[in-house]
Amino acid sequence: MSSATSHRLPLATTLRLGRPSDIWFKPALSVVAAVAPPNLTLLALGRLDLAMYTMAGSLCALYGHNRPYAARARALAWVVLGMVGGLAVSLLAAALTTNAVVLVTVGAVLAAVQKTVCDATRIGPPGNVVLTFISSASLFAPQTPGQVPGHLGLALAAGAWAWLVGMAPGLFRPHGPERRATAQALNAAAAYADTHGTADGHARARAATAAAIHAAWQSLLAAGAHPDRTRRALEQLLVRAEVALAAPSDTDPARLRAWARDLRGTGRVPRVEAPREAADELLGLAAEQALPPRSPWHRLAPLAPLAVRTALGCALAGYAALALGVGRPYWALVTAASLYQANVTLTWNRGVQRVVGNLLGVLLFAALAPLAHLHPAALVLCCLALNFGAEALIGRNYWLGSVCVTPMALLITEFARTQDATELITDRVADTLVGALVGFVAAVAVTNRRAGDRLEGALSTAERAREHAARLLAEPHPEPRALESARRTLAAALVDLRATADAAAGEWWQRALPEERVVLTEQAGHRTLAATVRRQGLVPQDRDSHQAPGRDQERDRDQDPGRTTEDIRP
């Protein structure tokens, strides 16, 4: 793809609804359970004006639902600390100055830091948007230095309650996240096996399966260093998914899907027999030898263009809103912050989704405002319902969740005092359009010229990993631990290559990408992965191996000792 190639900016596919998440109800119920007690307590005390500070802590319950509980405990603790830290900076700035330009600048810098840290740590949905919403709104809340400690205390107390809400399901289903990740890998492997490795689109299915398997191994790794019987059983199922990835034509998709269904609920994890005795040793090494994730600090450098985009776009959006006389410039700032994705094309998609969702959301607010104004209790209940709706719907498409997020954000501003609905709607629409337009212009202006360099690096890493695995395969008796380590290193490198290539393909104004080299590297890497799986005895030898290979096959195997007869069959 050359720099001169025009990028299409689709609308229909951007707004298309997808399937809901398997666990859509978990964040939806968690946020209601986290928000309701603090808000109802403040309602009883007649201090709903403090609800914005408790909401800061309560919204932390949205994070970490895909993580094993041991890892979730750590992640939620860091989210709460990050939320309170951002709130502290905002409240202190609000207490020290009322200069709107200074406050917008502080908010833009905070948004860039939050975006960078969330992406580097891969905290997952909802990412930096909730953090930026709270910190930006707090910048324009009237404040005195003496009030700051008390307000931070409210946020920290609500955050502690949100931590308990997030951890509570572990009492009833302690291996739930690992079971879901394994089931997703099995279902992805079944979808790939359905293609028999030859149908149109099988390359995409193969990449999705490799990513799902890698994510499942990382989930098991995050659960702790000492696996129990359930973890061992999940490891065996993951090995079966890897077998399907290596030999889709020899796999029964229905069996994989049956195992995935059995992982739902709290029933016993299906036990599968190892293909041969040597596989038991490999299973024990699986989590131990899986490539550990890189330190978050090693991911910061590639995120520099995204950080600059976020800071510049948020600042310009806020300044533009101020110039237009909009009373709440932080809405434009938050809109810009919510746009930035891995590349410009995805940023465009998110901008369209944000604008459509917000415009429909203000119409919903206009319908709900008379009901919410009847009584403070009605206001609290409307916010709770919108919290639930936002998390229940946002997995299908971002714009659909925004239809609930927008009126919720508008109603939160009325916790302190009832405001004119027409004024709120006008400000919100103006800030949405300004934030989306200015934010996207900043994304186009700040080009990510390093996307091609990162792709070159990912290609080199994948090629080296494949060559190392191929050298081990060429040995008469490779050491099992070394072969298993090489296999997992190669699998992780291929997953990273596909993610890097997808991100680079959506970036504008850069040199031509080596698309053919990416495809060939992926194909060769997956052939070598298949060969390692067979060499380890995890699948039967090729059913045609008793036949003498032709001269072309012999030549191919001489050039690549990691390839088998099955690998070079069309």
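All of these numbers come straight from a predicted model, not from anything done at the bench. (Residues numbered from 1 in each chain as written. Predicted model: local features only at pLDDT ≥ 70, side-chain atom pairs only at ≥ 80, totals over all residues. Heavy atoms only, no water.)

J.: I keep staring at the overall build of the protein and nothing clicks. Help me out?
T.: Secondary structure assignment for the protein yields 22 helices and 0 strands. Counting every position in the protein, which comprises 570 residues, the buried fraction comes to 52%. Surface summary for the protein: the accessible area is close to 25100 Å², and the carbon and sulfur share equals 61%. (Helix = DSSP H or I, 4+ residues; strand = E, 2+ residues; numbered from the N terminus. Buried < 20%, exposed > 50% of the residue type's maximum accessible area, 1.4 Å probe, protein only. Areas by Shrake-Rupley, 256 points an atom, 1.4 Å probe, with all protein chains shown as cover.)

J.: Help me understand the packing of aromatic side chains in this model?
T.: The description of an aromatic ring pair rests on the distance of the ring centres and on the angle between the ring planes. What the rule picks out here adds up to 5 aromatic pairs. Every member of this aromatic cluster is reached through a ring pair, and the members are Trp24, Phe25 and Phe388. One cation-aromatic arrangement involves arginine 350 over tyrosine 398; the distance from NZ or CZ to the ring centre is 4.0 Å. The ring of tryptophan 331 carries arginine 428 above its face, with NZ or CZ at 5.2 Å from the centroid. (Phe/Tyr/Trp six-rings, centres within 6.5 Å; stacked < 30°, edge-to-face > 60°. Lys NZ or Arg CZ within 6 Å of the ring centre and 35° of its normal.)

J.: Teacher, can you tell me more about the confidence of the model for the protein here?
T.: Segments scoring low in pLDDT should not have their predicted coordinates read at a detailed level. In this model, the protein carries a mean pLDDT of 81, and residues with pLDDT of at least 70 account for 82%. Looking over the protein, one finds the lowest element-wise mean pLDDT in helix H22 (residues 551-559), namely 37, and the highest in helix H7 (residues 148-167), namely 96. In the model, residues 276-292 has pLDDT below 50 throughout and makes 38 contacts with residues more than four positions away in sequence or in other chains. Every residue in residues 541-570 is under pLDDT 50, and counting partners more than four places away or in other chains gives 39 contacts. (pLDDT = per-residue confidence, 0-100. Contact = heavy atoms within 4.5 Å.)

J.: Any chance you could explain the nonpolar core here in plain terms?
T.: Soluble, globular proteins show a tendency: their nonpolar side chains are buried together. Residues Tyr63, Leu411 and Phe415 are the most contacted members of the largest nonpolar core, which totals 62 residues. For this core, the element with the highest residue contribution is helix H4 (residues 69-96), accounting for 9 residues. Sequence-distant contacts of tyrosine 63, defined by excluding residues within four places in its chain, comprise Leu76, Val79, Ile123, Gly124, Pro125, Pro126, Gly127, Val130 and Leu131. In this structure, Ala183, Leu220, Leu238 and Ala244 belong to the second largest nonpolar core, which totals 34 residues. (Core = buried A, V, L, I, M, F, W, Y, C linked by side-chain atoms within 4.5 Å.)

J.: Could you clarify how one ought to interpret the UniProt feature "transmembrane region" (unreviewed entry) in the protein in this entry?
T.: The feature "transmembrane region" (unreviewed entry), as annotated in UniProt, sits at residues 75-96, 152-172 and 360-386 in this numbering. In residues 360-386, helix accounts for 89% and strand for 0%; the two terminal C-alpha atoms are 14 Å from one another. (UniProt positions renumbered as here; feature names shortened; annotations may be inferred.)

J.: Got a minute to help me understand helix H11 (residues 253-262) in this structure?
T.: In an α-helix, one turn spans 3.6 residues, which is why side chains three or four residues apart end up on the same side. All of the buried residues in H11 are Pro253, Leu256, Trp259 and Ala260. Buried positions in H11, seen along its axis, are confined to an arc of 125° and lie on one side of it. Here the buried face of H11 lies against helix H8 (176-195) and helix H10 (229-246). Where H11 begins, the capping side chain belongs to aspartate 252, and its oxygen is found 3.2 Å from the backbone nitrogen of alanine 254. (Arc of directions from axis to C-beta. Polar contact = N/O pair within 3.5 Å; in protein donor to acceptor, adjacent residues only side chain to side chain.)

J.: Which parts of the structure should I look at to understand the pattern of salt bridges?
T.: Once the charged atoms of two side chains with opposite charge are near each other, the side chains can pair. Inspection of the entire model under this criterion finds 5 salt bridges. Between arginine 47 and aspartate 49 there is a salt bridge; the shortest N-O distance is 2.9 Å. Residue classification places arginine 47 among the partly exposed positions, given a relative accessible area of 38%. Judged by relative accessible area, aspartate 49 falls into the partly exposed class, the value being 33%. With its nearest N and O atoms 2.9 Å apart, the salt bridge here joins aspartate 427 to arginine 328. One end of the pair, aspartate 427, is in helix H18 (residues 421-445); the other, arginine 328, is in the loop between helix H13 (304-323) and helix H14 (329-339), and 99 residues separate them in sequence. For the pair aspartate 427 and arginine 328, one class covers both residues: buried. (Salt bridge = Lys/Arg side-chain N within 4 Å of Asp/Glu carboxyl O.)

J.: Help me out: how do you make sense of the packing of helix H3 (residues 51-58) against H7 in this one?
T.: Axis angle and axis distance: for two packed helices, these are the angle between their axes and the distance between the axes, and together they describe the pair. At a closest axis distance of 6 Å, the pairing of H3 and H7 adopts a crossing angle of 35°. As for the relative orientation of H3 and H7, their crossing is right-handed in sense. Residue-level contacts link Tyr53, Thr54, Ala56, Gly57 and Ser58 of H3 to His151, Leu154, Ala155, Ala158, Gly159 and Ala162 of H7. (Axes fitted to C-alpha atoms, helices over the stretch in contact; angles between N-to-C directions. Left-handed = near helix turned anticlockwise from the far one by under 90°.)

J.: Explanation requested: the packing of H13 against H14 in the structure shown.
T.: Between H13 and H14, the shortest axis-to-axis distance is 8 Å and the interhelical angle comes to 150°. By the angle between their directions, the pair H13 and H14 is classed as roughly antiparallel. Crossing handedness for the pair H13 and H14: right-handed. Here Gly313, Cys314, Ala317, Gly318, Ala321 and Leu322 of H13 come into contact with H14, specifically with Pro329, Ala332, Leu333, Ala336 and Ala337. Residue composition of the contact of H13 with H14, grouped by class: 9 nonpolar, 2 polar and no charged. (Parallel < 35°, antiparallel > 145°, perpendicular 65-115°, else oblique. Nonpolar A, V, L, I, M, F, W, Y, C, P; charged D, E, K, R; others polar.)

J.: I keep staring at the environment of threonine 418 and nothing clicks. Help me out?
T.: In this fold, threonine 418 is placed in the loop between helix H17 (398-412) and H18. Given the relative accessible area of 58%, threonine 418 is considered exposed. For the pair threonine 418 and alanine 369, spaced 49 residues apart in sequence, the C-alpha to C-alpha distance is 9.9 Å.

J.: What exactly am I supposed to notice about unusual backbone geometry here?
T.: Most peptide bonds are trans, and most residues other than glycine sit at a negative phi. In this structure, proline 126 follows proline 125 across a cis peptide bond, with omega equal to 0°. Considering the arrangement of structural elements, one finds proline 126 in the loop between helix H5 (100-121) and helix H6 (128-139). At arginine 122, a position not held by glycine, the phi torsion is positive, near 55°. With respect to the element layout, arginine 122 can be found in the loop between H5 and H6.

J.: Help me understand the environment of alanine 73 in this model?
T.: Mapping alanine 73 onto the fold places it in helix H4. When the C-alpha positions of alanine 73 and leucine 164 are compared, they lie 9.1 Å apart, and in sequence the two are 91 residues distant. Those residues within four positions of alanine 73 in sequence are excluded, and the remaining contacts are Trp163 and Met167.

J.: Would you explain the environment of leucine 245 in this entry?
T.: Here leucine 245 lies in helix H10. What makes leucine 245 buried here is its relative accessible area of 15%. Discounting residues that sit within four places of it in the chain, leucine 245 has contacts with Tyr192, Arg206, Thr209, Ala210 and Ile213.

J.: Quick question: what am I supposed to make of a nonpolar patch on the surface here?
T.: Taken together, the side chains of Trp24, Phe25 and Leu29 make up a nonpolar region of the molecular surface, amounting to roughly 270 Å² of accessible area. Of note, leucine 29 is situated in helix H2 (residues 25-45). (Patch = residues over 30% accessible without salt bridge, like charges linked within 9 Å, V, L, I, M, F, W, Y side chains within 5 Å.)

J.: Please explain the state of the cysteines as it appears in this structure.
T.: Put plainly, a disulfide is one covalent bond tying together the sulfur atoms of two cysteines. Applying the stated criterion across every chain yields a total of 0 disulfides. Left without a disulfide partner, cysteine 383 is nearest to the cysteine sulfur of cysteine 382, which lies 7.1 Å away. Under the relative-accessibility criterion, cysteine 383 is labelled buried at 2%. (Disulfide = S-S within 2.5 Å.)

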